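Chain by chain, the residues:
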Amino acid sequence: MSSYKLKVLLCGAAAVGKTSLVQRFIKNRFATNYKLTVGVDILTKDVNYDGDEIATLSIWDIGGQQRFEFIRSTFYKGAAGVLLVFDLSRAQTYAEIRKWLAEIRQFAGEHIPFVLAGNKVDLIEDVGEVIDREEAKRFAEAENSIYIETSAKTGVHVEEAFGELTRRIIKSRSGQ
Ligand code: G3D
Ligand code: MG
């Protein structure tokens, strides 16, 4: 039986791969022709942590157009943790991370656990390095987080990103 029910948010600029990451995580597939996220999708998945303990995540995936005040308060309310995503092939999406983090902390609480995900790592061999990945790692660590490079396309590190977030949420709750 699951002892934890955790609301987890996907945050980050449009088209960084938020919906693709959650689809990969939940259905283990990469869909190339789904619709843009409209409104908020809430998907549920049980995650193992710490041996045989189970947490139930409800993962909130919001469309880029939906970030208006009225929905924003509902989105952030009661959130336990955030997967904060940028796109390793577009520097601007990394530049916006600090703004996202400020908003997350304002609406969801100063100490909310998050994992910083650099998604589309599969594209680096084509487009080269457009952001300083060491700087991303240092930034995450300075903000009491961890930096993980993912690909919703190949599936690399997607389980790890959600798993690490779950562990960090539970650890923060048990006061360790
Ligand atoms: P969003 O939910 O953050 O807005 P989406 O982003 O999940 O809708 O993804 C935006 C685009 O990036 C999609 O392409 C999607 O296929 C692509 N994408 C997402 N994750 C990855 C990844 O890890 N690697 C690669 N190569 N592409 C990815 P389209 O062409 O449909 O816009
Ligand atoms: Mg989406």
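See the structure printed just above.
Residues numbered from 1 in each chain as written. Chains lettered and ligands numbered in written order. Predicted model: local features only at pLDDT ≥ 70, side-chain atom pairs only at ≥ 80, totals over all residues. Heavy atoms only, no water.

Peer 1: Which residues make up the packing of aromatic side chains, and what values go with them?
Peer 2: The geometry of an aromatic ring pair is captured by the separation of the ring centres together with the interplanar angle, meaning the angle of the planes. For the coordinates displayed, the defined rule picks out 6 aromatic pairs. Between Tyr4 and Tyr49 the ring centres are 6.2 Å apart and the planes differ by 65°, which places this aromatic pair in the edge-to-face class. On the criterion of sequence distance, the pair formed by Tyr4 in strand E1 (residues 4–11) and Tyr49 in strand E2 (residues 40–49) is long-range, its members being 45 residues apart. The exposure class of Tyr4 is partly exposed, given its relative accessible area of 22%. (Phe/Tyr/Trp six-rings, centres within 6.5 Å; stacked < 30°, edge-to-face > 60°. Helix = DSSP H or I, 4+ residues; strand = E, 2+ residues; numbered from the N terminus. Buried < 20%, exposed > 50% of the residue type's maximum accessible area, 1.4 Å probe, protein only.)

Peer 1: Explain the nonpolar core to me, using residue names and the numbers behind them.
Peer 2: In terms of nonpolar packing, the biggest core is built from 27 residues, with Leu57, Leu83 and Phe162 touching the most fellow members. Going through the elements one at a time, E1, helix H1 (18–27), E2, strand E3 (53–62), strand E4 (81–87), strand E5 (114–119) and helix H7 (158–173) are the ones with two or more residues in this core. The leading source of residues in this core is H7, at 6 residues. Residues within four places of Leu57 in sequence aside, it is in contact with Leu6, Val8, Phe25, Leu43, Thr44, Lys45, Val47, Phe162 and Thr166. In this structure, Leu9, Trp60, Phe75 and Ile131 belong to the second largest nonpolar core, which totals 26 residues. (Core = buried A, V, L, I, M, F, W, Y, C linked by side-chain atoms within 4.5 Å. Contact = heavy atoms within 4.5 Å.)

Peer 1: Would you mind going over the pattern of salt bridges in detail, with residue names and values included?
Peer 2: Taken as a whole and judged by the stated rule, the model has 9 salt bridges. Among the salt bridges present, the one from Glu143 reaches Arg105, with a minimum N-O distance of 2.8 Å. Here Glu143, found in the loop between helix H6 (133–142) and strand E6 (147–149), pairs with Arg105, found in helix H4 (residues 97–108); they are 38 residues apart in sequence, far enough to count as distant. Exposure remark for Glu143: the relative accessible area of 25% places this residue in the partly exposed category. Given a relative accessible area of 18%, Arg105 falls into the buried group. A salt bridge links Glu141 to Lys137, with the nearest nitrogen and oxygen atoms 3.4 Å apart. (Salt bridge = Lys/Arg side-chain N within 4 Å of Asp/Glu carboxyl O.)

Peer 1: Give me the side chain of Thr166: which residues, what numbers.
Peer 2: Within the fold, Thr166 resides in helix H7. What makes Thr166 buried here is its relative accessible area of 1%. Those residues in contact with Thr166, other than ones at most four positions away along the chain, are Leu6, Val47, Tyr49, Ala55 and Leu57.

Peer 1: Before we move on, could you go through H7 and cite the residues and values that matter?
Peer 2: An α-helix turns once every 3.6 residues. As a result, residues three or four positions apart point the same way. In this model, H7 (16 residues) spans 23 Å end to end at C-alpha, consistent with the 22 Å of a helix rising 1.5 Å per residue. Restricting attention to buried positions, one finds in H7 the residues Val158, Ala161, Phe162, Gly163, Glu164, Leu165, Thr166, Ile169 and Ile170. (Expected span 1.5 Å × (residues − 1).)

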